[in-house]
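# Tertiary structure, described
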Amino acid sequence: MNESEERVLTENLRRLKRDLPPIDLLLDCLREYGTLDELTSHKIKKNEANVVRDEQDQVSKLLDYLPGCGKNAFSNFVKALRQSGKDAHQDLARKLCTDLEAKLRSKAPPAAAAGPTSSVSATPSTPSVQEAAVYHSAQRKATAKAKAERDEMAKDKNVLKLPDHWTAAGKKNFVLHDLAASDSEYQHAVQLFNKTCRNQVTKVQRVENPKLYRIFKAKEKSLGEEPCSAVTRTLELFHGSQDDALTQIYIQGWDKNYSPAEYFGRGYYFARDAQFSMNYAKQKPGTNTRRMILASVLIRDIRVGTNDQKAPPQRSADPLDGRVSATVNDINNPTIYVTYEESQSYPAYVLTING
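Below or above, wherever it landed, is the structure these notes cover. (Residues numbered from 1 in each chain as written. Predicted model: local features only at pLDDT ≥ 70, side-chain atom pairs only at ≥ 80, totals over all residues. Heavy atoms only, no water.)

Turning our eyes to something else, we now look at the pattern of salt bridges. Scanning the model with the defined rule gives 9 salt bridges in all. Between Glu185 and Arg206 there is a salt bridge, with the nearest N and O atoms lying 2.6 Å from each other. With Glu185 in helix α9 (residues 184–194) and Arg206 in strand β2 (residues 201–208), this pair connects stretches of sequence that are 21 residues apart. Members of the salt-bridge network, linked through shared partners, are Glu185, Arg206 and Glu208. (Salt bridge = Lys/Arg side-chain N within 4 Å of Asp/Glu carboxyl O. Helix = DSSP H or I, 4+ residues; strand = E, 2+ residues; numbered from the N terminus.)

If you want it as structure tokens, here you go:
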């Protein structure tokens with residue numbers, strides 16, 4: 001994006017915040033055009049605490065990132081505006097596109113400094129010059145901040161690289177990949193299952209979901225950067241639920257509404273033992289099979305949970321110490337883990353079981 005295009009966006013910030021189509025549609029279009037990647041889109045939508053920003057903040061964040069998204073960022077942004085302007089937003093989006101393009105055409109390249117053209121000396125510090133200086137100073141600061149964030153994201157992309165063994169299709173979109181019985185991943189999943197359960201596993205599928213995986217790895221990275229004496233471990237734990245709910249989990253992520261148990265906290269439940277999860281993995285209608293998830297779960301420090309707990313307890317009386325990572329059923333020999341953030345676990349495999 002060139003300087004004139006960036007200036008047009010900045011000068012129209014208030015109007016963009018007011019008249020933009022729904023931000024989700026706009027971000028989807030920009031990802032489709034290759035202007036934004038999945039990680040950038042996630043950082044626009046959610047803050048460092050993984051909390052969804054309001055739409056105004058998302059628009060501001062998007063406009064911070066756009067200048068560094070390549071030479072076609074402005075034209076793709078305008079094209080995305082047109083495509084995402086649906087129903088009630090259509091006329092506003094169309095007029096906004098037309099006005100942005102007209103203003104860009106009216107922007108002349110900055111003129112070279114010239115000497116005085118008359119005998120009347122110009123006042124060196126008029127209000128308009130002062131305003132321009134303040135504006136450009138703010139622009140430079142905003143651009144520097146956005147560049148720093150983009151540099152940080154570039155580092156994150158290396159950390160959040162998708163596994164090399166995933167299929168080519170799975171590195172682009174969601175794929176449920178069937179593993180061969182001879183595959184080491186298949187055998188490992190079955191071995192964990194058979195430690196406590198003797199039902200026959202008939203299929204193991206690897207969940208290749210780039211969006212959920214990158215969110216999980218970002219959480220792993222942030223936990224590693226937080227001050228805490230406990231080491232973050234990635235545990236392989238089972239999760240059983242109704243079959244339709246299970247499908248939603250590996251496609252869209254975890255949802256507390258599907259968690260009926262509240263014995264050790266109101267969160268996402270995982271079990272060390274497959275036999276326990278079998279109690280919650282319901283048979284698919286009209287079949288003799290059921291499915292469960294083998295998840296990768298980030299666990300650090302733990303406390304015994306209570307049924308009325310909506311969040312993990314504080315580490316200490318000092319609120320700056322933060323909260324523990326999970327609650328459990330037994331502090332010395334935990335077999336049930338409850339987490340409270342969906343980014344803390346990744347549904348790595350889906351097992352299909354007879355019986």
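The next subject is the pairing of β2. By the criterion of burial, β2 is predominantly enclosed, with 6 of the 8 residues buried. Sheet analysis places strand β1 (residues 175–178) next to β2, joined by 4 bridges and oriented antiparallel. Residue His177 lies in a different strand from β2, and its bridge partner there is Arg206. (Buried < 20%, exposed > 50% of the residue type's maximum accessible area, 1.4 Å probe, protein only. Pairing = 2+ DSSP bridges.)

A separate point is the environment of Ile302. By the secondary structure assignment, Ile302 is in strand β6 (residues 302–304). Measuring from C-alpha to C-alpha, the distance between Ile302 and Tyr337 comes to 8.8 Å, with 35 residues separating the pair along the chain. When neighbours within four sequence positions are excluded, Ile302 is seen to be in contact with Val324, Ala326, Val328, Ile331 and Pro334. (Contact = heavy atoms within 4.5 Å.)

Note on soluble globular proteins: their nonpolar side chains tend to be buried together. Counting residues in hydrophobic clusters, the biggest one holds 45 residues, and the most contacted among them are Phe193, Val204, Phe238, Met292, Tyr346 and Leu351. Broken down by element, this core gets its largest block of residues, 7 residues, from strand β5 (residues 289–299). In this structure, Leu9, Leu16, Ile23 and Leu96 belong to the second largest nonpolar core, which totals 25 residues. (Core = buried A, V, L, I, M, F, W, Y, C linked by side-chain atoms within 4.5 Å.)

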